Amino acid sequence: MNAEKLTRILLVDDQRDIRSIVGLALGKIGGFQVKVCESGEEALASAGDFAPDLLLLDLSMPVLDGVGTLKALRARGLTAPAVFFTARLNAKDAEGYRDLGVLGVIPKPFDPLKLGSQLREMWSKR
């Protein structure tokens, strides 16, 4: 993990539209290197080779949700901080996410043009 600068983001979301919008917003507009995965299983298969600085995970995915994906990535030795995406933000749950190394939660819907700056701000406060 690059401790000084946020450059590589692993995005995991099961919704094609979200993956497209976020990939474009972070890659073309934000200037990040983005690896896009459509499932937790795909993230597990590719995260090691990509070596992300930050994980951007959808909380609600079939089979392996965001929390399960994060725990599985941690079990494989990936220590990159994470940010969760969710349409259902529960303040009580959000407090528990910090123990998993989660920097914050971005509620859906979100502003794609502000996403990069939101992630950089969370990154700077870690």
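For the structure, see preceding data.
This is a predicted model, so every value here is computed, not measured. (Residues numbered from 1 in each chain as written. Predicted model: local features only at pLDDT ≥ 70, side-chain atom pairs only at ≥ 80, totals over all residues. Heavy atoms only, no water.)

In this structure, what is going on with the pattern of salt bridges? I would like to understand it.
When charged atoms on two side chains of opposite charge get close, those side chains can pair. Under the counting rule described, the total for this entry stands at four salt bridges. Measuring nitrogen to oxygen at the nearest pair gives 3.8 Å for the salt bridge that ties Arg19 to Glu38. In this pair, Arg19 sits in helix 1 (residues 16-29) while Glu38 sits in the loop between strand 2 (33-37) and helix 2 (40-50), placing the two residues 19 residues apart along the sequence. Residues Lys125 and Glu121 are paired through a salt bridge, measuring 3.1 Å at the closest nitrogen-oxygen approach. Given a relative accessible area of 62%, Lys125 falls into the exposed group. (Salt bridge = Lys/Arg side-chain N within 4 Å of Asp/Glu carboxyl O. Helix = DSSP H or I, 4+ residues; strand = E, 2+ residues; numbered from the N terminus. Buried < 20%, exposed > 50% of the residue type's maximum accessible area, 1.4 Å probe, protein only.)

Looking at this structure, I do not really get the nonpolar core. What am I missing?
A general feature of soluble globular proteins is that nonpolar side chains tend to end up buried together. If you look at the biggest cluster of nonpolar residues, it comprises 22 residues, and the most contacted ones within it are Leu10, Val12, Leu55, Leu57, Leu70, Phe84 and Tyr97. When residues of this core are traced back to their parent elements, those giving at least two are strand 1 (8-12), helix 2, strand 3 (54-58), helix 3 (66-75), strand 4 (82-86) and strand 5 (102-107). Looking at this core element by element, the count peaks at four residues for helix 2. In contact with Val12, other than residues within four places in its own chain, are Cys37, Ser39, Gly40, Ala43, Leu56, Leu57, Asp58 and Met61. One finds Val22, Leu103, Phe110 and Leu115 within the second-largest nonpolar core, a separate group that totals 18 residues. (Core = buried A, V, L, I, M, F, W, Y, C linked by side-chain atoms within 4.5 Å. Contact = heavy atoms within 4.5 Å.)

How do you make sense of the sheet that holds strand 3 when you look at a structure like this?
Pairing in this open sheet of five strands is parallel, and the strands run 2-1-3-4-5 from one edge to the other. Every interior strand has two partners, whereas the edge strands, strand 2 and strand 5, have only one. Going from strand to strand, the sheet's axes swing by 20° on average, the running direction of each strand aside. Across the sheet, helix 5 (residues 112-124) is in contact with strand 1, strand 3, strand 4 and strand 5; its angle to strand 5 comes to roughly 155°. (Pairing = 2+ DSSP bridges. Axes fitted to C-alpha atoms, helices over the stretch in contact; angles between N-to-C directions.)

Explanation requested: the environment of Pro62 in the structure shown.
Take Pro62: it is sitting in the loop between strand 3 and helix 3. Sequence-wise, Pro62 and Asp14 are 48 residues apart; in three dimensions their C-alpha atoms are separated by 7.9 Å.

How should I be thinking about the pairing of strand 2 in this particular structure?
Regular strands place their side chains on alternate faces of the sheet. For strand 1 and strand 2, the ladder comprises five bridges, and the chain directions are parallel. Across the sheet, residue Arg8 finds its bridge partner in strand 2, namely Gln33. At this point the chain moves from strand 1, through helix 1, to the parallel strand 2, and the crossover so formed is right-handed. (Right-handed = clockwise from strand over helix to strand, strands pointing away.)

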